[in-house]
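Chain and residue survey
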Amino acid sequence: AGAEIERNLFAIQQARAQREVRAANQALEAEIANLRYLLALPPEQPLEPTGAVSREIRPLPPEAELAARALTQRPDLVALRFDAERAAELIPLVK
């Protein structure tokens, strides 16, 4: 009975692994199709990456620089600044 349970557990794990491989392959094909679309390549053209993939992770800039960059580039903050400037320009017109 114990060996049969082991075989069943193995079969379940194998089926899960096969399902995950199929899902990963489908996701890969979808992303390759999306890349071809973004590069305006025909669907039948093979995509052949060249060169080595860099595994180097660059260090983040200092926290102060990241905060300054966020304050100047975040779209919601840019929109708020624009609204504040527009409101400040309208105040003399209302008076």
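Thresholds applied
- Residues numbered from 1 in each chain as written.
- Predicted model: local features only at pLDDT ≥ 70, side-chain atom pairs only at ≥ 80, totals over all residues.
- Heavy atoms only, no water.
- Helix = DSSP H or I, 4+ residues; strand = E, 2+ residues; numbered from the N terminus.
- Buried < 20%, exposed > 50% of the residue type's maximum accessible area, 1.4 Å probe, protein only.
- Lys, Arg positive; Asp, Glu negative; His and termini not counted.
- Salt bridge = Lys/Arg side-chain N within 4 Å of Asp/Glu carboxyl O.
- Polar contact = N/O pair within 3.5 Å; in protein donor to acceptor, adjacent residues only side chain to side chain.
- Contact = heavy atoms within 4.5 Å.

Turning to the side chain of R36, a few remarks are in order. Relative to the helices and strands, R36 resides in helix α1 (residues 2-38). An unpaired buried charge is present at R36: no salt bridge exists, and E29, the closest side chain of opposite charge, is 5.4 Å distant. Engagement of the side chain of R36 in a polar contact is seen with the backbone oxygen of Q45, the distance being 2.7 Å. Non-local contacts of R36, meaning those with residues more than four positions away in its chain, are made with L41, P42, P43, Q45, P46 and L47.

Structurally, R74 can be placed in the loop between α2 (63-73) and α3 (75-94). Each C-alpha atom of the pair R74 and G2 lies 60 Å from the other, and the pair is 72 residues apart in sequence. A polar contact of 2.5 Å, which involves the side chain of R74, links it to the side chain of D76.

On to unusual backbone geometry. The residue A40 is not glycine, and still its phi comes out positive at about 60°. Within the element layout of this structure, A40 appears in the loop between α1 and α2. For A40, a relative accessible area of 68% gives the class exposed.

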